[in-house]
Number of protein chains: 2
Amino acid sequence: MHATVRAALRSIVGPGHYRETDGELVPYSRDATPLFSARPDAVVFPADTSEVAAVLELATRHAVPVVPRGAGSNLCAATVASQGGVILVLTRLNRLIEIAPEELLARVQPGLTSAALATAASHENLLWAPDPGSRTVATIGGTIATNAGGLRGLKYGVTRDYVLGLEAVLPTGEVIRTGGRLNKDVAGYDLSRLLTGSEGTLAVITEATLALRPAPASAGTGVAYFPDLAAAGRAVTAIIAAGILPATLEFLDRSCVRAVEDFARLGLRTDAGALLLFGDDGEPGAVARALTRMGEICTAHHALDVTTAAHIAQAEALLAARRCALPALSRLGDLTILEDATVPRPRIAEMVDRIGAIAVRHGVEIATFGHAGDGNLHPTCVVKSRDDHDGIARAERAFADIFAAAIELGGTITGEHGVGAAKLSHLSAQLGEDQLALLRRLKTAFDPAGILNPGKLGS
Amino acid sequence: MHATVRAALRSIVGPGHYRETDGELVPYSRDATPLFSARPDAVVFPADTSEVAAVLELATRHAVPVVPRGAGSNLCAATVASQGGVILVLTRLNRLIEIAPEELLARVQPGLTSAALATAASHENLLWAPDPGSRTVATIGGTIATNAGGLRGLKYGVTRDYVLGLEAVLPTGEVIRTGGRLNKDVAGYDLSRLLTGSEGTLAVITEATLALRPAPASAGTGVAYFPDLAAAGRAVTAIIAAGILPATLEFLDRSCVRAVEDFARLGLRTDAGALLLFGDDGEPGAVARALTRMGEICTAHHALDVTTAAHIAQAEALLAARRCALPALSRLGDLTILEDATVPRPRIAEMVDRIGAIAVRHGVEIATFGHAGDGNLHPTCVVKSRDDHDGIARAERAFADIFAAAIELGGTITGEHGVGAAKLSHLSAQLGEDQLALLRRLKTAFDPAGILNPGKLGS
């Protein structure tokens, strides 16, 4: 990167918010995705929208790549500077601008964490529904840029369902405002949702107006153990078919349950093949009835053991068990490759069987947990040593087969983690070349110089 | 339009599905929008996706405008052939392909009516939530193309919240498939939602996979009369602020109530300044509690009279009263101009006052009804005679002022009807020139020859 560009960047954000030495760049050379890293040329921490606009305008003029980044907790290498250039870190734009209870909305800057918004909303008896696993560190900007899902997707939807309006800076430097404070607004193409899930390739989000919901009055959780994950999958299908749309339907296979129990000592039953967490929220009576019915359906579908919230001291501890599946698995080896192939709900059992066969075929261990209510599986492969190149290669081949199986079953290569650099090569198998060509034309309509997060979605 | 193009069109759809004589074109020279009409050169009724693709490919090659159309019930002149060309009527693609209860979804062709889908879903104890006023005639294709709202928006959202996947034909003839059967799918830009609300300017939808919900177990409705609409607006704000998110919050002003009562003889109280319908659905106990609380809040906000469902024989009759507001007003004159300016909920009372002042200033009569829970107002101007050119001009000036007021109060020029040809000139005031330029670039990315519905959104 040319010295004049470096000087201009330093001048825009101020010397205290500019980094370029090797040591300073190391933390920004990777995100939470294993096996991907790339050294940026510089890192900048803008203070506000006008500094973001100045950086982008400069970058377009000099054809310098810019990679927007929040906490760097994404799992698809969406914030790795594949082609060098500038990492644009948005964590200084971290204000909660307002919560308007009578409008059921919040207005925030992108660097605020999802958990901070949830906490602030809860003080007003409101719910910020998107609930990704990384919520304690993940920023709202990243949550929107990846259209993050989470544990409540079945009942509450995903991030795109909560984006009312955005302020965003185009790669050419113009600031646009999409949507607003309204649930109903059809003036123009739906840019709010086009930017949601665009993984920092179309524009940089500098402010968001987000819908909140009245907080549910109560919540309850139950747990059922099954002989295997496929049986749990069939129970999930039966629950939905019975007209129940619960807040929680999460499952862990035997390997995950054992890893979690080793890690957190929650008293989980480790002899079963699968654990299903089911839960709901709302009016206390309705929650109790939903839990009872879900428990009955699990029993009818050959659950080994069913316990509902009425008998459980700490329902939250069970959800914590689910949330610690990934850290628990991560302890088992150097490298934890987590994916999120997703299939239509009635195909869960079939997909689980396929994952098992694929693991055997490639000689890898795959543990699976995930959001059963969404068909959103997280098959996870632990490789003991980073030096086991053959093991890593086998894991990669296994995941390629898993993606192909997901597509074949009417699913997707990514339910909630994103495409990023990690899955770009698998995208044409799902969308086809005509659609990929259209995505590239859309990318160009936003970013004529191709400076924003190149080598990712839209490339 | 050149004779070779006419011959090719006739050959693609078959002579029985091609129209070009003056008499045949008359019904396709206007939609449900008053004051807009334009004569197309031909009308075609394709049988399937491949015929749609052939028509579009031909049109791009010969630079002939194509205007996709369902029932023509839109209210923004979105399906008027402003620049001539071909009206592409999709009513022959009217199959309900499948309902999958265990996946909570339906797959349909675009020509099916919204009401037909709702009925079919109800037979499976499922709910098709989007509920536009025109639902008995409006097609699903048009419902998606306008991102239609309706009476249940506050609790259930709008059409975009229910579009899981689309098959669509690009103006250049390629067929793409966006999304699929999943709630969670982040593979690629969100084209499903970009096409939703694009008013037939980006691609032609030929199939849709749509989310359904478990049907609510029960529903109830109440009615409150207020001294004026502003008082009703304050009660609405208080209901939401109390953490209630009801299925129905609709209001009618004095003129609407009188027109409806004259039309339908429902025994409405015509001496009050405004009527507020409130309702909810779900578990019977929860519905009863919500109705009681909403009734109490209305009383606390100076309602003249409150009756809840427990005392009403036919809750549906009350909703029917709301639904017949437009036909009832239409009887009062030759010309009924209906708009849908929308403001943040807490600004409803202020907006209602502004509309009143604007009506006085321009010497027009404006009756207002609408979806109070969404801040979605339908100010409606009745002009006695089509020959009253001065009256029409005054109405148009009044609506221009109403749009400006909506924008000033943080709202939108259109909550659910769309932009079409009718409001294109007002769009820049809301979105700004930078965003309009971006919309045009997106339009070009889809439609390089500019043949799809020219003179509308994206032009």
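Residues numbered from 1 in each chain as written. Chains lettered and ligands numbered in written order. Predicted model: local features only at pLDDT ≥ 70, side-chain atom pairs only at ≥ 80, totals over all residues. Heavy atoms only, no water.

A.B. asks: Any chance you could break down the interface of chain A and chain B for me, citing the residues and the numbers?
C.D. replies: Tallying the contact residues gives 76 residues for chain A and 76 residues for chain B. Buried area between chain A and chain B, both sides added, is near 6,200 Å², and the carbon and sulfur share of it is 61%. Considering only the surface of chain A that becomes buried against chain B, A:Lys184, A:Val186 and A:Tyr189 emerge as the three largest contributors, covering 16% of it. Along the contact surface separating chain A from chain B lie six salt bridges. One salt bridge connects A:Asp374 with B:Lys184, and the closest N-O pair in it is separated by 3.0 Å. Between chain A and chain B we count 26 residue pairs in polar contact (both at pLDDT 80 or more) in total. Put simply, the parts of the chain that give the side of chain A that touches chain B at least two residues each are helix H6 (153–156), strand S9 (175–179), helix H7 (191–195), helix H8 (229–241), helix H10 (284–300), helix H15 (427–431) and helix H16 (433–446) of chain A. It is H16(A) that provides the largest number of residues to the side of chain A that touches chain B, a total of nine residues. Within the side of chain A that touches chain B, the residues separate by chemical class into 30 nonpolar, 26 polar and 20 charged. (Contact = heavy atoms within 4.5 Å. Buried area = accessible area lost by both parts, 1.4 Å probe. Salt bridge = Lys/Arg side-chain N within 4 Å of Asp/Glu carboxyl O. Polar contact = N/O pair within 3.5 Å; in protein donor to acceptor, adjacent residues only side chain to side chain. Helix = DSSP H or I, 4+ residues; strand = E, 2+ residues; numbered from the N terminus. Nonpolar A, V, L, I, M, F, W, Y, C, P; charged D, E, K, R; others polar.)

A.B. asks: Describe unusual backbone geometry, and please don't skip the residues or the numbers.
C.D. replies: Residue and element names in this part refer to chain A. At Leu104, a residue that is not glycine, the phi angle is positive and equals roughly 55 degrees. Residue classification places Leu104 among the buried positions, given a relative accessible area of 6%. Here the phi dihedral of His302 falls at roughly 70 degrees; this positive angle occurs in a residue that is not glycine. Of note, His302 is situated in the loop between H10 and strand S15 (305–307). (Buried < 20%, exposed > 50% of the residue type's maximum accessible area, 1.4 Å probe, protein only.)

A.B. asks: Can you explain the side chain of A:Arg345? Please cite residues and give values.
C.D. replies: Inspection of the secondary structure puts A:Arg345 in the loop between strand S16 (335–338) and helix H13 (348–362). One buried charged residue, A:Arg345, remains without a salt bridge, the closest side chain of opposite sign being A:Asp374 at 5.6 Å. Those residues in contact with A:Arg345 that sit more than four places away from it in its chain are A:Leu154, A:Val236, A:Thr237, A:Ile240, A:Ala372, A:Gly373, A:Asp374, A:Gly375, B:Glu102, B:Glu103, B:Leu104 and B:Asn183. (Lys, Arg positive; Asp, Glu negative; His and termini not counted.)

A.B. asks: Please set out the relation of the copies chain A and chain B residue by residue, giving values where relevant.
C.D. replies: Between the two copies, chain A and chain B, the superposition gives an RMSD of 0.0 Å; the rotation angle is 180 degrees and the shift along the axis is 0.0 Å. Given the turn and translation reported, the copies of this chain are related as if by a two-fold rotation axis. When the interface residues of chain A are mapped onto chain B, 100% of them are again interface residues, pointing to one common binding face. (Least-squares fit on C-alpha atoms with pLDDT ≥ 70 in both.)

A.B. asks: Pulling in residues and values, what's your account of the sheet that holds strand S2 (residues 42–44) of chain A?
C.D. replies: All names here are of chain A. Spatially, S1-S2-S4-S3 is the arrangement adopted by the four strands of the open sheet, whose pairing is mixed. Pairing within the sheet leaves two strands with one partner each, and these edge strands are strand S1 (18–19) and strand S3 (66–69). Direction of pairing for S2 relative to strand S4 (residues 86–89): parallel, over a ladder of three bridges. Across the sheet, the residue bridging to Ala42 is Val86, located in S4. (Pairing = 2+ DSSP bridges.)

A.B. asks: Got a sec to walk through the state of the cysteines? Specific residues and values, please.
C.D. replies: Counted according to the given criterion, the structure contains zero disulfides over all chains. For the unlinked cysteine A:Cys256, the closest cysteine sulfur is that of A:Cys324, found at 10 Å. (Disulfide = S-S within 2.5 Å.)

A.B. asks: Explain the environment of B:Ala247 to me, and be specific about the residues and the numbers.
C.D. replies: Residues and elements named next belong to chain B. Mapped onto the elements, Ala247 comes out in the loop between helix H8 (229–241) and strand S13 (248–253). On the basis of relative accessible area, Ala247 is assigned to the buried category, the value being 4%. Each C-alpha atom, one on Ala247 and one on Gly220, is 9.5 Å from the other, the two residues being 27 residues apart in sequence. If sequence neighbours within four positions are ignored, Ala247 has contacts with Leu151, Arg152, Lys155, Tyr156, Gly279, Asp280 and Asp281.

A.B. asks: A description of the environment of A:Arg39 should follow, citing residues and the corresponding values.
C.D. replies: Residues and elements named next belong to chain A. Looking at the element boundaries, Arg39 is found in the loop between helix H2 (22–25) and S2. Sequence separation between Arg39 and His417 is 378 residues; the distance between their C-alpha atoms is 22 Å. Excluding residues within four positions of it along the chain, Arg39 makes contact with Glu20, Asp22, Leu25, Ser29 and Gly84. Here the side chain of Arg39 touches Asp22 through a polar contact of 2.4 Å, side chain to side chain.

A.B. asks: For the UniProt feature "domain: FAD-binding PCMH-type" (unreviewed entry) in chain A, give the residues involved together with the corresponding values.
C.D. replies: Here the UniProt-annotated "domain: FAD-binding PCMH-type" (unreviewed entry) positions come out as residues 36–215 of chain A. Its end C-alpha atoms 39 Å apart, residues 36–215 of chain A is made of 22% helix and 24% strand. (UniProt positions renumbered as here; feature names shortened; annotations may be inferred.)

A.B. asks: Please provide a residue-by-residue account of the packing of helix H1 (residues 3–13) of chain B against helix H3 (residues 49–62) of chain B, values included.
C.D. replies: Residue and element names in this part refer to chain B. The contact between H1 and H3 brings their axes to 9 Å, and the two run at 170 degrees. In terms of orientation, H1 and H3 fall into the roughly antiparallel class. Contact with H1, carried on its side by Val5, Ala8, Leu9, Ile12 and Val13, involves Glu51, Ala54, Val55, Leu58 and His62 of H3 and no other residues of that element. Class assignment for the residues of the contact of H1 with H3 results in eight nonpolar, one polar and one charged. (Axes fitted to C-alpha atoms, helices over the stretch in contact; angles between N-to-C directions. Parallel < 35°, antiparallel > 145°, perpendicular 65-115°, else oblique.)

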